[in-house]
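Summary of structural features
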Amino acid sequence: MNLAKQASQAIVAKRGRGADSELLAEFVLNRYPNKHTQRAVITDLKQLQDYLSQTFGIDLFQVKAFEIGLFRKNLEDLNYSIPSINRKLASIKSFYRFLFEVGKLDFNPAEYLKLIKFNRRVGKTNHFEDSELKSILNSFDEDKIIGLRNKVFLMIMFFTAARVTAICNLRFEDVLQDVTGIRIRLSEKRGEERILHLNSSVVPKFMYFLESLPYSDGYIFRTMRNKFFTNNQINQCDVFNFIRKASKKIGLEKKVSAHSFRATFATKWLSNKWNIDELQKITGHKSFDTLKLYDRNSLEASKSSLEKMQI
């Protein structure tokens, strides 16, 4: 079942509003080409629909501005983090702007809906210390193909600072080889495409992994069943699971995730005071402000700076 049908059935189909169901599906599929973003938006709208139904006995297409405001207050009462609330509110604002633009509604009830102001100087994603990163990579048994798969996946994710979905989406045709070495083509958020040089620390293991595979086209990183590869690419949950198991194996107590590898790359880069413009090209961030969240030293004034003051 595609996401359009999921959105229809989960949100409005049960109320017998077929036309509205199609409109919702159109919004989700046309506005958000990335399937993971589609799922997030569907979840956000479903949550709003459930709240409206249970609290006011209405649906998404009958809402008034103050009722959306009360939903925002409800999210705060449920102790959602500010970034999570703002993401949900952004989905809602986009949806009602769409309904107004296509003439479904005579007014936009979310026009004046404000996101919650939030200032964060340092990102909350935990990063690895050098010893932790080495330990987690060395925890995989390379003599087993699944261990080699997991290690190579995480090495690529760290050394390219790529998002986990971009690595999951890697196909054989995305591996480009020329006189400069190995490059990989990444399919990122919003359908963007980036080509990055593969660090020489990764190339030997990556090429050995490719040569060890019983297939040579389609997705590179696939799931396994009964010690055999399937035709299905691994997903974020698969990656999270083998990171969690590896963390437990080495006795790492702090909470880490796939994003921790990307965060570690950016943190190490900024701690070395290397060019932030180059970092932005590597990570694909649109905003310098987001990149600066990885600067763990940004809140600490240096000794040399403080020594400048004399009386």
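As a reminder, the structure under discussion sits directly above these lines.
So, here's what we can say about the structure. Bear in mind that the values here come from a model prediction, so they are computed numbers and not experimental data. (Residues numbered from 1 in each chain as written. Predicted model: local features only at pLDDT ≥ 70, side-chain atom pairs only at ≥ 80, totals over all residues. Heavy atoms only, no water.)

1. Looking at the environment of F61
Locating F61 in the fold gives a position in the loop between helix 3 (35-56) and helix 4 (65-77). A residue is classified by how much of its surface remains accessible, and F61, at 8% relative accessible area, is buried. Note: C-alpha distance between F61 and L105 (44 residues apart in sequence) is 7.9 Å. (Helix = DSSP H or I, 4+ residues; strand = E, 2+ residues; numbered from the N terminus. Buried < 20%, exposed > 50% of the residue type's maximum accessible area, 1.4 Å probe, protein only.)

2. Quick word on the side chain of N150
With respect to the secondary-structure elements, N150 resides in helix 7 (residues 145-160). Exposure remark for N150: the relative accessible area of 6% places this residue in the buried category. Residues in contact with N150, not counting those within four places in the same chain, are F140 and F242. (Contact = heavy atoms within 4.5 Å.)

3. Topic: the state of the cysteines
Among covalent bonds in proteins, the disulfide is the one between the sulfur atoms of two cysteines. Applying the stated rule across the entire model yields zero disulfides. Left without a disulfide partner, C168 is nearest to the cysteine sulfur of C237, which lies 9.9 Å away. (Disulfide = S-S within 2.5 Å.)

4. Observations regarding the environment of R185
In this structure, R185 sits in strand 2 (residues 181-187). Sequence spacing of R185 and F172 is 13 residues, and the spatial spacing of their C-alpha atoms is 9.9 Å. In terms of polar contacts, R185 uses its side chain to reach the backbone carbonyl oxygen of E173, at 2.7 Å. (Polar contact = N/O pair within 3.5 Å; in protein donor to acceptor, adjacent residues only side chain to side chain.)

Nothing here speaks to function; it is geometry throughout.
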